[in-house]
Amino acid sequence: MIKKTVAALLMSLSAAAMAMPLGSQSVLVVEDDTGKILVEKNANAVVPIASLTKLMTAMVVLDAKQDMNEEIEIDKEDVDTLKHSTSRVPVGAAIPRGDVLQLALMSSDNRAAASLGRTYPGGTPAFKAAVNAKIRALGLTQTVIEEPTGLSPNNKSTASELVKMAAAASKYEAIRRMTTDKNEIINIKGRKVEYHNTNRLVGAKGWDIGMSKTGYTEEAGRCLIMRITSAGKNATLVLLNAKANSARLMDAFNIRRFISGAEEEAKPRVMRASSRKKAPATKNPRRRRAS
């Protein structure tokens, strides 16, 4: 009888996932209050996670209880020589650690994340050791993180384990706040510079987001972690390897509708904008911003 009940539940979950068009290659949606799996697709596939890595970087830095007011100088060592991604944080800028953490989480800046690892007590080796200890403490057996930015394709995990990582990260007030700021003005070399959240859903009408992190590299595709509230339900969603930002956003909208049980609604402006004709590709694709 129990086996039949479990089988029926699994079939209903599979049917829900099949009925919902999902552009992301790996998907997991879990109801936070009950642990119930709402949507699942290739949730145990081990794949690159791009800048979702930065949630782990932030947790390790915050665990070390470093001075958030201490200024970090961005060094040439922090420049991305792997993907050659762009950054609006110049080498030589001295920025309080708290603002550097904000740039890494909200704007997914790779130089900011690299500098956090470099200036960790004991340097980069100690940072890597702390990350590995955190991975073990969270019981993540399929997760490997070699560096703080997510630029390396060797930073890998599964949707199932990233739900656990998201739950752990959401316990940090600083991570919740910084990842859900729509924008922030930060003093860079005496000049006020406005930075924006890489998740266009943050601050969008109809979205109640408790934590957020995007990711992108060529190997990882478009990735997203969010903890949301919809129709009184709290849920964590993980989307991995969507081929376009529009597909990632559409998955998020479809999942929110599924959670709330709402009728099909008109697409918000953020979705309409995402479906516009793309600009011609640049001649040097390696300069695309990894996040």
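Everything numeric in this text was worked out from a predicted model, so none of it was measured.

Participant: Any chance you could break down the overall build of the chain for me, citing the residues and the numbers?
Facilitator: Secondary structure assignment for the chain yields nine helices and eleven strands. Burial statistics for the chain: of 291 residues in total, 51% are counted as buried. Look at the contacts in the chain between residues 6 or more apart in sequence, and 64% of them connect residues 24 or more apart. A total of about 14200 Å² of accessible surface is found on the chain, and carbon and sulfur atoms cover 53% of it.

Participant: Help me get a handle on the pairing of strand β11 (residues 233–242), residues and values and all.
Facilitator: Counted residue by residue, β11 has eight buried out of ten residues, so it is predominantly covered. Inspection of the sheet shows strand β1 (residues 26–31) paired to β11 by six bridges, in the antiparallel sense. Paired with V30 across the bridge in β11 is T236. Pairing geometry for strand β10 (residues 221–230) and β11, over eight bridges, is antiparallel. Across the sheet, residue L224 finds its bridge partner in β11, namely L239. Once β10 ends, the chain turns through two residues before running back antiparallel as β11, passing A231 with a positive phi of about 55°.

Participant: Mind laying out helix α3 (residues 97–105), listing which residues take part and the relevant values?
Facilitator: α3 sits mainly inside the fold: eight of its nine residues count as buried. Among the residues of α3, R97, G98, V100, L101, Q102, L103, A104 and L105 are the ones counted as buried.

Participant: Run through the side chain of N197, naming residues and quoting values.
Facilitator: By secondary structure assignment, the location of N197 is in the loop between β8 (191–196) and β9 (209–217). Overall, N197 belongs to the buried group, its relative accessible area being 12%. At 2.9 Å, the side chain of N197 forms a polar contact with the backbone oxygen of T179. Leave out the neighbours within four places in its chain, and N197 touches M106, M178, T179, T180, D181, K182 and V202.

Participant: For the environment of S26, give the residues involved together with the corresponding values.
Facilitator: With respect to the helices and strands, S26 occurs in strand β1. Given a relative accessible area of 3%, S26 falls into the buried group. Along the backbone, S26 and V47 are 21 residues apart, and their C-alpha atoms lie at a distance of 8.8 Å. Look past the residues within four positions of S26 in its chain and what remains in contact with it is K41, N42, A45, V238, L239 and L240.

Participant: Describe empty space enclosed by the protein, and please don't skip the residues or the numbers.
Facilitator: For the structure shown, the criterion picks out one cavity of 30 Å³ or more. Taken as a whole, the largest cavity spans an internal volume of roughly 30 Å³. Considering each element in turn, the lining of the largest cavity owes the most residues, three residues, to helix α8 (residues 245–260). Residues of the lining of the largest cavity, tallied by class, amount to one nonpolar, four polar and two charged.

Participant: Give a detailed account of the pairing of strand β2 (residues 37–41), specifying residues and quantitative values.
Facilitator: In terms of strand pairing, β1 meets β2 through four bridges, oriented antiparallel. Bridging across to β2, L28 finds its partner in E40.

Participant: Describe the sheet that holds β9, with residues and values.
Facilitator: Across the sheet, five strands lie side by side as β2-β1-β11-β10-β9; this open sheet has antiparallel pairing. Strand pairing shows two members of the sheet lacking a second neighbour, β2 and β9, which therefore form its edges. For this sheet the average axis-to-axis angle between neighbouring strands, irrespective of direction, equals 5°. Relative to β10, α8 is tilted by about 25°, and along the sheet it contacts β1, β2, β9, β10 and β11.

Participant: Please set out the pattern of salt bridges residue by residue, giving values where relevant.
Facilitator: Counted by the stated rule, this structure contains six salt bridges. For R118, the salt bridge goes to D78, with nearest N and O atoms at 2.8 Å. Here R118 is found in helix α4 (residues 110–118), whereas its partner D78 is found in the loop between β4 (71–73) and β5 (94–96), with 40 residues between them in sequence. Judged by its relative accessible area of 23%, R118 is partly exposed.

Participant: Would you mind going over the packing of aromatic side chains in detail, with residue names and values included?
Facilitator: Under the criterion given, the structure shown has two aromatic pairs. When the ring of Y120 is compared with that of F127, the centres are 5.9 Å apart and the planes differ by 70°; the resulting orientation is edge-to-face. Relative to F253, the ring of W207 has its centre 5.3 Å away and its plane inclined at 75°; by these criteria the two rings are edge-to-face. A residue pair is termed long-range when its members are at least 10 positions apart, and W207 in the loop between β8 and β9 and F253 in helix α8 qualify at 46 residues. Grouping residues by exposure puts W207 and F253 together as buried. Positioned over the ring face of Y195 is R88, at 4.6 Å from the centre of the ring. Over the ring of W207 we find R256, and its NZ or CZ is 4.4 Å from the ring centre.

Thresholds applied
- Residues numbered from 1 in each chain as written.
- Predicted model: local features only at pLDDT ≥ 70, side-chain atom pairs only at ≥ 80, totals over all residues.
- Heavy atoms only, no water.
- Helix = DSSP H or I, 4+ residues; strand = E, 2+ residues; numbered from the N terminus.
- Buried < 20%, exposed > 50% of the residue type's maximum accessible area, 1.4 Å probe, protein only.
- Contact = heavy atoms within 4.5 Å.
- Areas by Shrake-Rupley, 256 points an atom, 1.4 Å probe, with all protein chains shown as cover.
- Pairing = 2+ DSSP bridges.
- Polar contact = N/O pair within 3.5 Å; in protein donor to acceptor, adjacent residues only side chain to side chain.
- 1 Å grid on protein atoms, 1.4 Å probe; cavity = no way out; pocket = protein on both sides within 12 Å on 5 of 7 lines; lining within 4 Å.
- Points joined across faces, edges and corners; volume = space filled by probe spheres on them.
- Nonpolar A, V, L, I, M, F, W, Y, C, P; charged D, E, K, R; others polar.
- Axes fitted to C-alpha atoms, helices over the stretch in contact; angles between N-to-C directions.
- Salt bridge = Lys/Arg side-chain N within 4 Å of Asp/Glu carboxyl O.
- Phe/Tyr/Trp six-rings, centres within 6.5 Å; stacked < 30°, edge-to-face > 60°.
- Lys NZ or Arg CZ within 6 Å of the ring centre and 35° of its normal.

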